[in-house]
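The chain contents come next:
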Amino acid sequence: MSLAKEFKTFVMRGNVVDLAVGVVIGAAFGKIVTSLVADVVMPPIGLIVGGVNFTDLKVMLKSSSVDAAGAIVPAVTMNVGNFLQTVFDFVIVAAAIFAVVKVINSLQKKKEAEPAAAPAPSKSETLLQEIRDLLARRPV
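What you see is a predicted model; the values in this text were computed from it and never measured.

Procedures and definitions
- Residues numbered from 1 in each chain as written.
- Predicted model: local features only at pLDDT ≥ 70, side-chain atom pairs only at ≥ 80, totals over all residues.
- Heavy atoms only, no water.
- Helix = DSSP H or I, 4+ residues; strand = E, 2+ residues; numbered from the N terminus.
- Rg over C-alpha atoms; globule rule 2.2 N^0.38 Å.
- Buried < 20%, exposed > 50% of the residue type's maximum accessible area, 1.4 Å probe, protein only.
- Contact = heavy atoms within 4.5 Å.
- Lys, Arg positive; Asp, Glu negative; His and termini not counted.
- Charge placed at Lys NZ, Arg CZ, Asp CG, Glu CD.
- Salt bridge = Lys/Arg side-chain N within 4 Å of Asp/Glu carboxyl O.
- Patch = residues over 30% accessible without salt bridge, like charges linked within 9 Å, V, L, I, M, F, W, Y side chains within 5 Å.
- Areas by Shrake-Rupley, 256 points an atom, 1.4 Å probe, with all protein chains shown as cover.

The secondary structure content of the protein amounts to 4 helices and 4 strands. Here the C-alpha radius of gyration of the protein, 33 Å, is well above what a compact globule of 140 residues would show, namely 14 Å. Judged by the C-alpha coordinates and their principal axes, the protein covers about 120 × 55 × 20 Å. Residues classed as buried in the protein amount to 6% of the 140 residues present. Partitioning the contacts of the protein with sequence separation of at least 6, the portion at a separation of at least 24 is 40%. Across the protein, the mean location of the 14 positive side-chain charges is 7 Å away from that of the 11 negative side-chain charges.

What follows is the structure, encoded as structure tokens:
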């Protein structure tokens, strides 16, 4: 089998296409959640705790300085606010995925709980039933 045929067979399998769609949708969903947290959730929380903009929340490890050559050495900071926003992003994404999985599982349980319809009798069973009915009607 040629390399191109093998690649085509690999790509056309349902799992690869499903995975690709999932990754693309997941990336788009991640952007939506990031915007939700940064633009909708965090501003009111910052207002409640005293007008703090969480993206500006930093712990200064070393302040900026000027070296002997006159170049500015930037400050070294731990960006705690960005970390908090990322944690909120994760929690919201995890909650949304949990909700989707919960709904899908409940739908699958409902589908499994439905009784399966009895299979249609085979031709031989139908023929035997007709013979039985004819024999039952025959006078003895």
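Back to the text.
Here we come to the pattern of salt bridges. For the coordinates displayed, the defined rule picks out 1 salt bridge. Here Asp 133 and Arg 132 are joined by a salt bridge, their closest N and O atoms 3.4 Å apart. Judged by its relative accessible area of 52%, Arg 132 falls in the exposed class.

Together, Ile 48, Val 49, Val 52 and Leu 57 make up an exposed nonpolar region whose accessible area comes to about 350 Å². Relative to the assigned elements, Val 52 resides in the loop between helix H2 (14–48) and strand S1 (59–62). Taking relative accessible area as the criterion, Val 52 reaches 32% and is therefore assigned partly exposed.

Moving on, we come to the environment of Ser 64. Considering the arrangement of structural elements, one finds Ser 64 in the loop between S1 and strand S2 (65–66). When its relative accessible area of 46% is taken as the criterion, Ser 64 is described as partly exposed. For the pair Ser 64 and Asn 15, spaced 49 residues apart in sequence, the C-alpha to C-alpha distance is 51 Å. Beyond its immediate stretch of four places on either side in the chain, Ser 64 contacts Val 73, Pro 74 and Ala 75.

All right, on to the side chain of Asp 89 then. Topologically, Asp 89 is positioned in helix H3 (residues 80–113). Here Asp 89 sits buried without a salt bridge, and the closest side chain of opposite charge, Lys 31, lies 13 Å off (N-O distance). When near neighbours in sequence (up to four residues on either side) are disregarded, Asp 89 contacts Val 33, Thr 34 and Val 37.

Relative to the assigned elements, Val 59 resides in strand S1. Sequence spacing of Val 59 and Asn 79 is 20 residues, and the spatial spacing of their C-alpha atoms is 6.6 Å. Here Val 59 is in contact with Val 76, Thr 77, Met 78 and Val 80, once residues within four sequence places are set aside.

Our next topic: the environment of Lys 31. Within the element layout of this structure, Lys 31 appears in helix H2. Judged by relative accessible area, which is 64%, Lys 31 ranks as exposed. The spatial distance from the C-alpha of Lys 31 to the C-alpha of Asp 89 is 9.6 Å, given a sequence separation of 58 residues.

Looking now at the side chain of Gln 85. Counting through the fold element by element, Gln 85 comes out in helix H3. Judged by relative accessible area, Gln 85 falls into the buried class, the value being 9%. Apart from the residues lying within four places of it in its own chain, the contact partners of Gln 85 are Val 37, Ala 38, Met 42 and Thr 55.

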